[in-house]
Amino acid sequence: MPSVFELLFDTYGDHLMQEQAPYDEAEIQAALDRRFKATGHENVYLPVLIPESLLQKEKDHVEGFAPEVAWVTHGGLEPLQERLCVRPASETLFCDFYAGDIHSYRDLPKVYNQWCSVVRWEKTTRPFLRSREFLWQEGHTAHATAEEAQERTIQMLNLYADFCEDFLAIPVVRGQKTDKEKFAGAEATYTIESLMHDGKALQSGTSHNFGDGFARAFGIQYSDKDNQLKYVHPVSYTHLRAH
């Protein structure tokens, strides 16, 4: 007779992991969090459920995630008036927040980090590589200029690479994703890749420059020093904590 854990994790593509490595997950999180604090990040936490209307505001973003989204359709026994997706990523939530919080160049930059789990409804899951729910951190920043956004994008890619090599002793290769592989809605995606025993590359961290596409979709504008309205330039970046 299978146990409740075997039924739950085998059926839904999640895996029960026990910590047996030299560094446990809490140590890794603490070490990475110190690096974020040193680069000006503030830790925040946004909701796990995202209204469908919010997810649809950025066309490329919703199309990229549509096949992997898990939906909540009922609250208790009552059907919801609007479907809620279980967080696959938080770009839409942060952009909705920025739209109400950023008004002037004095409000910029915004530099946030979020420790959380996300759900991607993968067709095929593999222990240690990809389950349907996994832990990670999401960095989200907003900048006044394209140059500042690009600088932050590369800064965080290098932070991830240095962390993997200096703390985890995992060599990585840094590079830029192709247009086909870049994050949904991003102008450019940069990645660090590590090498697995079978010779395949494993994406180990990514940093995304969104240009002003999300800002236009969500109406995120600020008044510059000349009192002219400008769109902000959002950036996001992620590093997996565990699968």
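Definitions and limits used
Per chain, residue numbering runs from 1 following the sequence as it is written. pLDDT decides what is reported in this predicted model: residues at 70 or higher carry local features, side-chain atom pairs at 80 or more are listed and counted, and totals for whole chains, interfaces and linings draw on all residues regardless. Side-chain figures throughout are based on the complete set of non-hydrogen atoms in the structure, without hydrogens or water. A pair of strands is labelled paired if DSSP reports no fewer than 2 bridges between them. Every helix listed is a DSSP run of H or I at least four residues long, and every strand listed is a run of E at least two residues long, numbered separately from the N terminus. Using a grid of 1 Å spacing that covers the protein atoms alone, one calls a set of points a cavity when a 1.4 Å probe fits there but cannot get out, and a pocket when the set is open and has protein on both sides within 12 Å along at least five of seven lines; lining residues are those with an atom within 4 Å of a point. Grid points are joined across faces, edges and corners, and a volume is the space filled by probe spheres set on the points. Put simply, Ala, Val, Leu, Ile, Met, Phe, Trp, Tyr, Cys and Pro go in the nonpolar bin, Asp, Glu, Lys and Arg in the charged bin, and everything else, Gly too, in the polar bin. Each axis is a line fitted through C-alpha atoms, taken for helices only over the stretch in contact, and angles between the N-to-C directions span 0 to 180 degrees. The hand of a helix crossing depends on one turn: near helix anticlockwise from the far one by less than a right angle means left-handed, and clockwise means right-handed. Should any heavy atoms of two residues lie within 4.5 Å, those residues are considered in contact. By convention a nonpolar core is built from buried Ala, Val, Leu, Ile, Met, Phe, Trp, Tyr and Cys residues, the set being connected through side-chain atoms within 4.5 Å. The buried label applies to any residue whose accessible area, calculated with a 1.4 Å probe on protein chains only, is under 20% of its type's maximum; exposed applies above 50%, and partly exposed to all values in between. Note on scores: pLDDT gives the predictor's confidence for each residue, bounded by 0 and 100. Here a salt bridge means any side-chain nitrogen of Lys or Arg lying within 4 Å of a carboxyl oxygen belonging to Asp or Glu. Centres within 6.5 Å are what make two rings of Phe, Tyr or Trp a pair, Trp counting through its six-membered ring; a difference in plane orientation under 30 degrees is then read as stacked, over 60 as edge-to-face, and the rest as tilted. In our convention, an over-ring charge means Lys NZ or Arg CZ found within 6 Å of a ring centre and within 35 degrees of that ring's normal.

**Student:** Describe the pairing of strand β4 (residues 78-86), and please don't skip the residues or the numbers.
**Tutor:** Sheet topology note: the strand β2 (residues 49-51)/β4 ladder contains 3 bridges and is antiparallel. Pairing of Leu-49 across the sheet is with Val-86, part of β4. Where strand β3 (residues 71-75) and β4 come together, 4 bridges link them in antiparallel fashion. The residue of β4 that forms the bridge with His-74 is Pro-79.

**Student:** Describe empty space enclosed by the protein, naming the residues involved and giving the relevant values.
**Tutor:** Within the structure shown, the criterion is met by 1 cavity of 30 Å³ or more. A volume near 50 Å³ is recorded for the largest cavity. Taken together, Glu-91, Phe-94, Cys-95, Tyr-98, His-140, Phe-210, Phe-214, Pro-234, Val-235 and Ser-236 form the lining of the largest cavity. Counting residues per element, the lining of the largest cavity draws most heavily on helix α5 (residues 91-101), at 4 residues. Residues of the lining of the largest cavity, tallied by class, amount to 7 nonpolar, 2 polar and 1 charged.

**Student:** Requested: an account of the packing of helix α2 (residues 25-38) against helix α6 (residues 146-166), with residues and values cited.
**Tutor:** Relative orientation of the contacting elements α2 and α6 amounts to 145°, with a least axis distance of 11 Å. Crossing of α2 against α6: the hand is right-handed. For the pair formed by α2 and α6, the contact residues are Ile-28, Ala-31, Leu-32, Arg-35 and Phe-36 on the first element and Met-156, Leu-159, Tyr-160 and Phe-163 on the second. Along the lines of polarity and charge, the residues of the contact of α2 with α6 split into 8 nonpolar, no polar and 1 charged.

**Student:** How would you explain the nonpolar core if you had to name every residue and give the values?
**Tutor:** Counting 30 residues, the largest nonpolar core has Tyr-98, Ile-102, Leu-108, Ile-220 and Val-232 as the members making the most contacts within it. Elements with a contribution of two residues or more to this core: α3 (52-55), α5, β5 (110-119), β6 (133-143) and α7 (213-218). Contact partners of Leu-108, with chain neighbours within four places excluded, come to Ile-102, Ala-142, His-143, Ala-144, Tyr-222 and Val-232. The next biggest cluster of nonpolar side chains, apart from the first, holds 20 residues, and it includes Ala-149, Leu-159, Phe-167 and Val-172.

**Student:** I'd like a description of the confidence of the model for the protein chain, backed by residues and values.
**Tutor:** The predicted model of the protein chain averages 88 in pLDDT, with 88% of residues at 70 or higher. Counting interchain partners and residues more than four positions distant, the pLDDT-below-50 stretch residues 1-9 has 7 contacts.

**Student:** Please give an account of the pattern of salt bridges that cites residues and values.
**Tutor:** One side chain can pair with another of opposite charge once the charged atoms of both are near each other. One pass over the full model with this rule turns up 9 salt bridges. Glu-165 serves as the salt-bridge partner of Arg-174, at 3.9 Å between the closest nitrogen and oxygen. Taking the relative accessible area as the measure of exposure, Arg-174 reaches 38% and is therefore partly exposed. In this structure, the salt-bridge partner of Lys-230 is Asp-224, at a minimum N-O distance of 3.0 Å. Where salt bridges share partners, they join Asp-162, Glu-165 and Arg-174 into one cluster.

**Student:** Please provide a residue-by-residue account of the sheet that holds β3, values included.
**Tutor:** Neighbouring strands of a sheet are bound in pairs by backbone hydrogen bonds; such pairs are parallel or else antiparallel. Strand order in this open sheet of 3 strands is β2-β4-β3, and the pairing throughout is antiparallel. The open sheet terminates on both sides in strands that have one partner only, identified here as β2 and β3. For this sheet, the mean angle separating the axes of adjacent strands, direction not counted, is 50°.

**Student:** Requested: an account of the packing of aromatic side chains, with residues and values cited.
**Tutor:** The final tally for this structure, using the stated rule, is 11 aromatic pairs. Ring geometry for Tyr-160 versus Tyr-237: centroids 6.4 Å apart, planes at 65°, classification edge-to-face. With a gap of 77 residues between them, Tyr-160 in helix α6 and Tyr-237 in strand β12 (residues 233-242) connect regions that are remote in the sequence. Accessibility expressed as a relative area gives 0% for Tyr-237, which makes it buried. In textbook terms, an aromatic cluster arises when at least three aromatic residues are bridged by ring pairs, as seen for Phe-94, Phe-97, Tyr-98 and Tyr-112. Positioned over the ring face of Trp-121 is Arg-132, at 4.6 Å from the centre of the ring.

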